[in-house]
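Report on the structure
Residue-level listing of the chains:
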Amino acid sequence: MRLRKLLIVLLALLVVFSLAGCGGSGGGGDDDNGGSNGDNGGTNGGNGDNGGNGGDNGGSGGDDDTPVVIPDDFVKVNGGTVSGQVADSHIFIEGRTVQIRDMYVCNHEVTQKEFKQYMKNYMVIAGANGESSSFKGDNYPVWFTTWYSAIIYCNLRSKAEGLTPVYYITINGKNETDIDKWMTLDLDHENGTYLGCEDGKYYYNGRELDGHFQTLLDYEGTSDSDGGIKVNSSANGYRLPTEIEWEYIARGGLSNNGMFPEQTTYAGSNDYTEVAVCGDAENGAYDGAEIKSKASNALGVYDMSGNAFEWVWDWYDIEANISPSTPITGPERCYGSMGGYTGRVKRGGSFNNPCGQSQVNYRAYAYPGYANRGAGFRVVRNAD
């Protein structure tokens, strides 16, 4: 009897331990599944992160949330519509309405270091290597250039930085931006001096090169004063500002209320000693300076008055003949309405010219193939 009871107890204990083991195993399984579900939950949490990334991407795609990446040493200048006379301007004049596009504007004139970086294989077109032998230094503006060397610089720098070059020549039916392809052209085909507006584009590469006459290629522009150089206005590469853009920047651009800031004689001041490196005995007569050595204008752009004259895109024409309906100030070709030759516009004055030429309304021009002392340039990019 006693043995029987003992057997019953043992059997009962075996059943209990068996059930506990099944329960533990099942529970462990559930825990593993729970762990797995937890991992899945973690994965779903990761999807939540992806959702966050999607939100971030969505933010990047949205106009309002998109961070604006402005290139180093450039400032964003918002454009706008300008109508009628502005202060003492000779190009913002009564009866003229122009639309200025948004731009990234380099806050300094192209330096000698920057010029050499991209132009090292094309230096001869810039006269004395883009610098005056008297004022040589990496941080000085380039100031012995032709208009054509400025155009070439823009395309070379654009290509080097993976941007679409702005300037092209149509060669054998193709719009060609490659400067080496341009160099195969006989662009100074009209006459023998680089002072005329039909010649001097790339005067090291004239009709006769290394004692041999070149073969004329078929390209659009053989009879054009600019060698057929045209503008791709939708390209995102570097370019020269137009004359109207240049003066818009110099005057500080339009504010949110659609008005220019208070106008000054020079870019940023009525006192040229504050903002302009120019040819005055008390201001460093006929002596250049490093970029940004004077105060900037309202936009944070330096040397819009003085230091180096700045080439712009336009041919020059007198105020009376400026078109009221186009953003380009001068004629399409170098034979202006003045009669005879004209030239490409230069703005801003320079270190070796009287300070009166550094006023924001002062206009000058020069033959585009002539590398004259004091001539530099500034680059911009489209921002719209």
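This report concerns the structure included in the present document. Quantities reported herein were computed from a predicted structural model and do not represent experimental measurements. (Residues numbered from 1 in each chain as written. Predicted model: local features only at pLDDT ≥ 70, side-chain atom pairs only at ≥ 80, totals over all residues. Heavy atoms only, no water.)

Focus: the sheet that holds strand 4 (residues 103–106)
The 3 strands lie next to each other as 1-4-14, forming an open sheet whose pairing is antiparallel. Each end of this open sheet is capped by a strand with a single partner; those strands are strand 1 (74–77) and strand 14 (380–382). Going from strand to strand, the sheet's axes swing by 25° on average, the running direction of each strand aside. (Pairing = 2+ DSSP bridges. Helix = DSSP H or I, 4+ residues; strand = E, 2+ residues; numbered from the N terminus. Axes fitted to C-alpha atoms, helices over the stretch in contact; angles between N-to-C directions.)

Brief notes about the environment of lysine 346
Locating lysine 346 in the fold gives a position in strand 11 (residues 344–347). On the accessibility criterion, lysine 346 (7% relative accessible area) is buried. Discounting residues that sit within four places of it in the chain, lysine 346 has contacts with Phe309, Glu310, Trp311, Arg363, Ala364, Tyr365, Ala366, Asn372 and Ala375. (Buried < 20%, exposed > 50% of the residue type's maximum accessible area, 1.4 Å probe, protein only. Contact = heavy atoms within 4.5 Å.)

Concerning helix 3 (residues 147–160)
For helix 3, with 14 residues, the first-to-last C-alpha span of 20 Å sits near the 20 Å given by 1.5 Å per residue. Within helix 3, 12 of the 14 residues are buried, which leaves it mostly tucked inside the rest of the structure. Every buried residue belonging to helix 3 is among Trp147, Tyr148, Ser149, Ala150, Ile151, Ile152, Tyr153, Cys154, Asn155, Leu156, Arg157 and Ser158, and all of these are buried. Directly beyond the C-terminal end of helix 3, a positive phi value near 75° is found at glycine 162. (Expected span 1.5 Å × (residues − 1).)

Let's talk about the nonpolar core
Among the nonpolar cores identified, the biggest contains 36 residues, and Tyr167, Trp182, Ile229, Leu240, Phe377 and Val379 are the most heavily contacted of them. For this core, the elements supplying multiple residues, two or more each, are strand 4, helix 2 (112–119), helix 3, strand 5 (167–171), helix 4 (179–182), strand 10 (309–315) and strand 13 (375–377). When residues in this core are grouped by element, the largest group, 8 residues, is from helix 3. Membership of the second largest hydrophobic core comes to 27 residues, among which are Val86, Val105, Ile249 and Phe260. (Core = buried A, V, L, I, M, F, W, Y, C linked by side-chain atoms within 4.5 Å.)

Describing unusual backbone geometry
Despite not being glycine, aspartate 73 has its phi angle at roughly 65°, a positive value. Mapped onto the elements, aspartate 73 comes out in the loop between helix 1 (2–61) and strand 1. Given a relative accessible area of 40%, aspartate 73 falls into the partly exposed group. At aspartate 303, a residue that is not glycine, the phi angle is positive and equals roughly 60°. Tracing the sequence through the fold places aspartate 303 in the loop between helix 6 (272–275) and strand 10.

A short note on the pattern of salt bridges
All chains considered together, the criterion is met by 12 salt bridges. Residue arginine 157 pairs with glutamate 161 through a salt bridge whose shortest N-O separation is 3.0 Å. The partner of glutamate 247 in a salt bridge is arginine 347, with the nearest N and O atoms 2.8 Å apart. Highlighted residues: glutamate 247 in helix 5 (residues 243–250) and arginine 347 in strand 11, separated in sequence by 100 residues. The same class applies to glutamate 247 and to arginine 347, which are both buried. (Salt bridge = Lys/Arg side-chain N within 4 Å of Asp/Glu carboxyl O.)

Considerations on the state of the cysteines
Note on terminology: disulfide describes a covalent bond linking the sulfur atoms of two cysteines. In the structure shown here, the tally under the stated rule is 1 disulfide. One disulfide in the model links cysteine 278 with cysteine 355; its S-S distance is 2.0 Å. As the torsion about the S-S bond is roughly 95°, the cysteine 278-cysteine 355 disulfide counts as right-handed. In this pair, cysteine 278 sits in the loop between helix 6 and strand 10 while cysteine 355 sits in the loop between strand 11 and strand 12 (363–366), placing the two residues 77 residues apart along the sequence. With respect to burial, cysteine 278 and cysteine 355 carry one shared label: buried. (Disulfide = S-S within 2.5 Å.)

Some thoughts on the sheet that holds strand 9 (residues 230–231)
Sheet architecture is open: 3 strands sit in the order 6-5-9, paired in antiparallel fashion. The strands lining the two open edges of the sheet, one partner per strand, are strand 6 (174–176) and strand 9. Two strands pair when backbone bridges link them, and strand 5 and strand 6 are joined in this way by 3 bridges, in the antiparallel orientation. Bridging across to strand 6, isoleucine 171 finds its partner in lysine 174.

Side note on the packing of aromatic side chains
Taken as a whole and assessed by the stated rule, the structure comprises 14 aromatic pairs. Note on tyrosine 153 and phenylalanine 377: the rings are 5.3 Å apart at their centroids and 70° apart in plane angle, and the pair reads as edge-to-face. You can see tyrosine 153 sitting in helix 3 and its partner phenylalanine 377 sitting in strand 13, a full 224 residues away along the chain. Classification of tyrosine 153 by relative accessible area gives buried; the value is 0%. The exposure class of phenylalanine 377 is buried, given its relative accessible area of 0%. (Phe/Tyr/Trp six-rings, centres within 6.5 Å; stacked < 30°, edge-to-face > 60°.)

A look at the pairing of strand 4
Side chains Met103 and Val105 project from strand 4 onto one buried face, and the interleaved Tyr104 and Cys106 project onto a second face that is buried too. With 4 bridges connecting them, strand 1 and strand 4 associate as antiparallel partners. Its bridge partner lying in strand 4, valine 77 is registered against methionine 103. Relative to strand 14, strand 4 runs antiparallel, the two sharing 3 bridges. Across the sheet, methionine 103 pairs through a bridge with asparagine 382, a residue of strand 14.

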